[in-house]
Every structure is written in C-alpha cells, then in structure tokens.
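Chain by chain, the residues:
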Amino acid sequence: MRKLDTKTRALIIRLLVEGNSIRATSRITDVSKNTVNKLLIDAGKACAKYHDENVRNVKASVVQCDEIWSFTYAKQKNVKTATAAPEGAGDTWTWTAIDSDSKLIVSYMVGGRDSEYAIEFMDDLCARLSNRVQLTTDGHKAYLEAVEGAFGGDVNYAQLIKIYGDMGGKTAARKYSPAECTGIKKRTVEGNPDKSLISTSHVERQNLTMRMHMRRFTRLTNGFSKKVENHMHAVALHFMYYNFVKVHQTLKVTPAMEAGLTDRLWDISDLVAIIDANEDAPKKRGPYKKRISK
C-alpha cells in the first residue's frame, strides 16, 4: 500500500465515497481488490479516530437521530443456514445523530438495535455536545432509557411516531416499497421542545445520502458487507467525507465549516494525509514480558 502514490490513493478513496464497489474501484484504478480493501481499512481506522478526537464541543440547537438498516454476510433470517457465517453476520444497524442547522453528523455507531447500543450511542452523542439541545427521535422504545441516562433532565426531548397503513397482499409494491405513512404523532418526553421543530426529516434525508454514497447500503445488489469490521470502516470514511469534504448544496459549505470545526474546505488529499499520519503515529509498546530461560 505504501508504494501507491498520493494521487492513486486519493482516486481510490474518491471512488469509494461516491458509491463504487470494491471490485469496480479495483477495475477503474487498475489495482488489486485486496489493495483497495486494505486502503479502506486504513482509511476507516484513521477517520474514526479523527472524528472521535475532533468532533467535540459541538454547538447545536436541534439534533435528530435515526437508525438505518443493512446486513452483513447474510440477512438475519438466513444466518443459521449460511456457510461459515462470521461473527456479526445478519442485521447491521447504523445509528446517526445530525445537527439540523449545520447538517453535521455529530455521532454515529454501527451495531445492533437493542437498548445496549442505544445507551452507548446516546452517551457518545451527549459527550460531543457543548450545550442543551432539542432532540428528536422516532418511536423506538430503546431511546427512552438511553436519553434519560445520557442527558438526565438537561434536554428538550420529543419523539416523532409515524403511523403506517397496510398495503395488503404479497404484491411487488408491498415487497419493494415502504408502507404509506398515514399520519404522525408528536410526543413530548422531556423538557419543553418546540413542537414546530419536532421532526426527523433531515436525518432521514441523510439515510438516502448514505445509500447513495456507500455501495454496501444499496438494496438488491451483492455489494453488501461480508465483514462487520469492513462495514464500520466504510461508514467511518463516509461520514468523514460528508462532514469535511462534501459541500452541502443548501449551505454552500461543508457541515464541518458550518459547525465551526474547520475554517477551510477539505479535499480528498486531506483524507490521505490523515491516513498517512495515523500509519506513521508511534505504536504503543505492550507490557514487558520477561523471557524464561530453559
């Protein structure tokens, strides 16, 4: 990987963040798919570390949260009969929290959809905010305990519960299209949230962005993740690109610039520089083990 020049690595990353698969990127750049996958892993580790260290003390007023479904190796119903299914195979959920004003992804997490992950996700989100916010989630029950544990009473929290109609029958429309939303219910859970700002529209639009920019989230293809670790690396790379490199069409700047986390427009080469810096960082030595002479 170190033999690839910066231009080639930047091209590989650009192709990955624009929705190309590993094999398609390999064909376009004329490098092996193992090389592409190795760069994705290095990029994911570096981007996750940078996000964790630098997306802190975010000043936000309205935050929306949601979870988006995908799967690793096989769909959950097929895991039991799948051949050599790895650990983490099956349903894979990505939790996201977006600042409605700057469109910054403040926090994200890949895992299950139970209360344990909800608690960890909310704890992380709370640690990255610098002030009291208005928070909106869907009606997922796991949020209730998680928000209470992370924020206590220092949050204006509401849930937006959507009511869906029954499409009926086993038609193609039922199989491939979402059910029709017949109504919504806004419920105040904590504090005094502004009812006009109770919405999940921005975070749900971000779900579409994720499906467009990550091949692993595209439905009805064979581009899904085969390992949950690689899925996490792809997510970390995407959100780094989205926050710092991709100019938002409405804001005309990147979300990181709008949120005050940077004062300039980043380029793909900056992501390559982060990868290089992470690779060159001194590794911590493990504990000393005395050699036993025989």
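Residues numbered from 1 in each chain as written. Predicted model: local features only at pLDDT ≥ 70, side-chain atom pairs only at ≥ 80, totals over all residues. Heavy atoms only, no water.

Focus on the pairing of strand S1 (residues 62-72)
Along any regular strand, the residues point their side chains to alternate faces of the sheet.
Line of reasoning, step 1. The buried fraction of S1 is high, at ten of eleven residues.
Line of reasoning, step 2. The sheet contact formed by S1 and strand S4 (residues 134-137) spans three bridges and is parallel. Residue pairing for S4: Val 63 is matched across the bridge by Leu 135.
Line of reasoning, step 3. Taken together, the ten bridges between S1 and strand S2 (residues 90-99) define a ladder with antiparallel strand orientation. Of the residues in S2, the one forming a bridge with Gln 64 is Ile 98. (Buried < 20%, exposed > 50% of the residue type's maximum accessible area, 1.4 Å probe, protein only. Helix = DSSP H or I, 4+ residues; strand = E, 2+ residues; numbered from the N terminus. Pairing = 2+ DSSP bridges.)

Observations regarding helix H8 (residues 228-244)
Residues spaced three or four apart along an α-helix face the same direction, because each turn holds 3.6 residues.
Line of reasoning, step 1. With 17 residues, H8 extends 24 Å from end C-alpha to end C-alpha; this agrees with the ideal 24 Å at 1.5 Å per step.
Line of reasoning, step 2. Burial analysis of H8 places 15 of its 17 residues in the buried class, which makes it a mostly covered element. (Expected span 1.5 Å × (residues − 1).)

Here we look at the environment of Asn 54
Line of reasoning, step 1. Tracing the sequence through the fold places Asn 54 in helix H3 (residues 33-54).
Line of reasoning, step 2. Taking relative accessible area as the criterion, Asn 54 reaches 33% and is therefore assigned partly exposed.
Line of reasoning, step 3. Taking the C-alpha atoms as reference points, Asn 54 and Leu 261, 207 residues apart in sequence, are found 7.8 Å from one another.

Description of the nonpolar core
Line of reasoning, step 1. Met 122, Leu 125 and Leu 135 are the most contacted members of the largest nonpolar core, which has 67 residues in total.
Line of reasoning, step 2. Broken down by element, the residue count for this core peaks at nine residues, all from H8. (Core = buried A, V, L, I, M, F, W, Y, C linked by side-chain atoms within 4.5 Å.)

Comments concerning the sheet that holds S1
Line of reasoning, step 1. With mixed pairing, the six strands of this open sheet are ordered in space as S3-S2-S1-S4-S5-S6. The open sheet is flanked by strand S3 (105-111) and strand S6 (181-190), the only strands paired with a single partner. When strand polarity is set aside, the average angle formed by the axes of neighbouring strands in this sheet is 20°.
Line of reasoning, step 2. In this sheet, S3 lies alongside S2 in antiparallel orientation, the contact comprising six bridges. Note that in S3 the partner of Ile 98 across the bridge is Ile 105.
Line of reasoning, step 3. Against the sheet, helix H4 (residues 115-128) touches S1, S2, S3 and S4, its axis set at about 160° to S3.
Line of reasoning, step 4. This element, H8, spans S1, S2 and S3 of the sheet and lies at about 170° to S3. (Axes fitted to C-alpha atoms, helices over the stretch in contact; angles between N-to-C directions. Contact = heavy atoms within 4.5 Å.)

Some thoughts on a negative patch on the surface
Line of reasoning, step 1. On the surface, Asp 114, Glu 116, Glu 120 and Asp 123 cluster together to form a negatively charged patch.
Line of reasoning, step 2. Relative to the helices and strands, Asp 114 resides in the loop between S3 and H4. (Patch = residues over 30% accessible without salt bridge, like charges linked within 9 Å, V, L, I, M, F, W, Y side chains within 5 Å. Areas by Shrake-Rupley, 256 points an atom, 1.4 Å probe, with all protein chains shown as cover. Salt bridge = Lys/Arg side-chain N within 4 Å of Asp/Glu carboxyl O. Lys, Arg positive; Asp, Glu negative; His and termini not counted. Charge placed at Lys NZ, Arg CZ, Asp CG, Glu CD.)

Focus: the packing of aromatic side chains
Line of reasoning, step 1. Tallying each qualifying case throughout the model produces eight aromatic pairs.
Line of reasoning, step 2. An angle of 65° between the planes, with centres 5.5 Å apart, marks the rings of Tyr 50 and Trp 266 as edge-to-face. Placement of the pair is Tyr 50 in helix H3 and Trp 266 in the loop between helix H9 (255-258) and helix H10 (268-280), with a sequence separation of 216 residues.
Line of reasoning, step 3. In textbook terms, an aromatic cluster arises when at least three aromatic residues are bridged by ring pairs, as seen for Tyr 50, Phe 244 and Trp 266.
Line of reasoning, step 4. Between Arg 113 and the ring centre of Trp 93, over which it is positioned, the NZ or CZ distance is 4.8 Å. (Phe/Tyr/Trp six-rings, centres within 6.5 Å; stacked < 30°, edge-to-face > 60°. Lys NZ or Arg CZ within 6 Å of the ring centre and 35° of its normal.)

Some points on the side chain of His 248
Line of reasoning, step 1. If you trace the backbone, His 248 turns up in the loop between H8 and H9.
Line of reasoning, step 2. Overall, the relative accessible area of 19% leaves His 248 in the buried class.
Line of reasoning, step 3. If sequence neighbours within four positions are ignored, His 248 has contacts with Lys 103, Tyr 242, Val 253 and Thr 254.

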